[in-house]
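Structural description and commentary
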Amino acid sequence: MSLLPLVFTSGWASGINAYAVILLFGVFGATGMTDEVPESLQRTDVLVVAGVLFVCEAVADKIPYVDSIWDSVHTVIRPVSGAVVAALLAGQSGSLPEIAAGAVGGSTALMSHLVKAGTRMAVNSSPEPFSNIAVSTAEDFGVAGIITFAIFHPLAAAIIAGGLLLAGIVIVIFLASKIRRFWRRRAERRARRRMATAWPPL
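Because the structure is predicted, anything quoted here is derived from the model rather than measured. (Residues numbered from 1 in each chain as written. Predicted model: local features only at pLDDT ≥ 70, side-chain atom pairs only at ≥ 80, totals over all residues. Heavy atoms only, no water.)

**Here we look at the pattern of salt bridges**
Should the charged atoms of two oppositely charged side chains come close, the side chains can pair. Under the definition given, this model contains 9 salt bridges. A salt bridge links Asp45 to Arg43; its shortest N-O distance comes to 2.5 Å. The network of salt bridges with shared partners includes Asp61, Asp67, Lys116, Arg120 and Glu139. (Salt bridge = Lys/Arg side-chain N within 4 Å of Asp/Glu carboxyl O.)

**Focus on the packing of helix 1 (residues 4–30) against helix 3 (residues 66–93)**
Relative orientation of the contacting elements helix 1 and helix 3 amounts to 110°, with a least axis distance of 8 Å. Between helix 1 and helix 3, the interaxial angle falls into the category roughly perpendicular. Here helix 1 contributes Leu6, Val7, Ser10, Ser14, Gly15, Ile16, Ala18, Tyr19, Val21, Ile22 and Phe25 to the contact with helix 3, which in turn contributes Trp70, His74, Ile77, Arg78, Ser81, Gly82, Val85, Ala86 and Leu89. Grouping the constituent residues of the contact of helix 1 with helix 3 by class yields 13 nonpolar, 6 polar and 1 charged. (Axes fitted to C-alpha atoms, helices over the stretch in contact; angles between N-to-C directions. Helix = DSSP H or I, 4+ residues; strand = E, 2+ residues; numbered from the N terminus. Parallel < 35°, antiparallel > 145°, perpendicular 65-115°, else oblique. Contact = heavy atoms within 4.5 Å. Nonpolar A, V, L, I, M, F, W, Y, C, P; charged D, E, K, R; others polar.)

**A word on helix 1**
In this model helix 1 runs just 22 Å from its N-terminal to its C-terminal C-alpha over 27 residues, more than 12% under the 39 Å that 1.5 Å per residue would give. Its maximal kink placed at Asn17, helix 1 deviates by approximately 125°. Where burial is concerned, most of helix 1 is hidden: 21 out of the 27 residues are buried. Gly32 sits one or two positions beyond helix 1 and adopts a positive phi of about 80°. (Expected span 1.5 Å × (residues − 1). Bend = angle between axes of the 7 residues up to and from the residue. Buried < 20%, exposed > 50% of the residue type's maximum accessible area, 1.4 Å probe, protein only.)

**Considering unusual backbone geometry**
Of note in the backbone geometry, Tyr65 takes a positive phi value of approximately 70° without being a glycine. With respect to the secondary-structure elements, Tyr65 resides in the loop between helix 2 (44–60) and helix 3. For Tyr65, a relative accessible area of 24% puts it in the partly exposed group.

**Comments concerning helix 5 (residues 130–152)**
End to end, helix 5 covers 34 Å across 23 residues, agreeing with the expected 33 Å (1.5 Å per residue, within 8%). For helix 5, the secondary structure elements touched by its buried residues are helix 1, helix 2, helix 3, helix 4 (98–123) and helix 6 (154–174).

**Observations concerning the nonpolar core**
Ranked by internal contacts, the top residues of the largest apolar core, which has 34 residues, are Trp12, Ala13, Val21, Phe25, Val143 and Ile147. Contributing elements (two or more residues each) for this core: helix 1, helix 3, helix 4, helix 5 and helix 6. Looking at which element gives the most residues to this core, the answer is helix 1, with 10 residues. Excluding its chain neighbours within four sequence positions, the residues that come into contact with Ala13 are Ala18, Val21, Val143, Ile146 and Ile147. (Core = buried A, V, L, I, M, F, W, Y, C linked by side-chain atoms within 4.5 Å.)

**Some thoughts on the packing of helix 1 against helix 4**
The contact between helix 1 and helix 4 brings their axes to 7 Å, and the two run at 35°. Crossing handedness for the pair helix 1 and helix 4: right-handed. Packed against helix 1, whose contacting residues are Leu4, Val7, Phe8, Gly11, Trp12, Ser14, Gly15 and Ile16, the element helix 4 presents Ala101, Val104, Gly105, Thr108, Ala109, Ser112, His113 and Lys116 at the interface. Residue classes in the contact of helix 1 with helix 4 are distributed as 8 nonpolar, 7 polar and 1 charged. (Left-handed = near helix turned anticlockwise from the far one by under 90°.)

Okay, here's the thing in structure tokens:
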């Protein structure tokens, strides 16, 4: 059970940026900073793919509305990635059943993903793009910082991740009206596009 804090933290981080988690764990394992990372995450091809996808996410995540589309696509990818990484960590350590680790990592990733997606919908209700860049940059540094901290202090990192997850849920509830505004604007844009492409013209 000593691995559980690391599994929880990796799941939380995977829900925000799964590719950064894979890339960081792979680099830490390959450079010998930790022996908790399985060989499969240290492979060069895995690191290259994770690096390319991380760059794609870093760009898409900072563009208004594109970030919400990206989040929609990753509603399945992030929880699955969180579950797989957690199961691999458990398999490497042997101190936690892989199925249990996968369940913890996947469910935590799903919750943090929903918080991230909800927050972005609220941010996208504002017309200016700078808030998207600021929030995305904070998430990137947050994931990098918490994963790095978790390698050396897994329990403390898990406590921080749990606090951030709880705070995120509270924020999303508080921003519910802005999220509803986001969906209303999205529906209006779709309606205008349908009217513009209708034949004969309405």
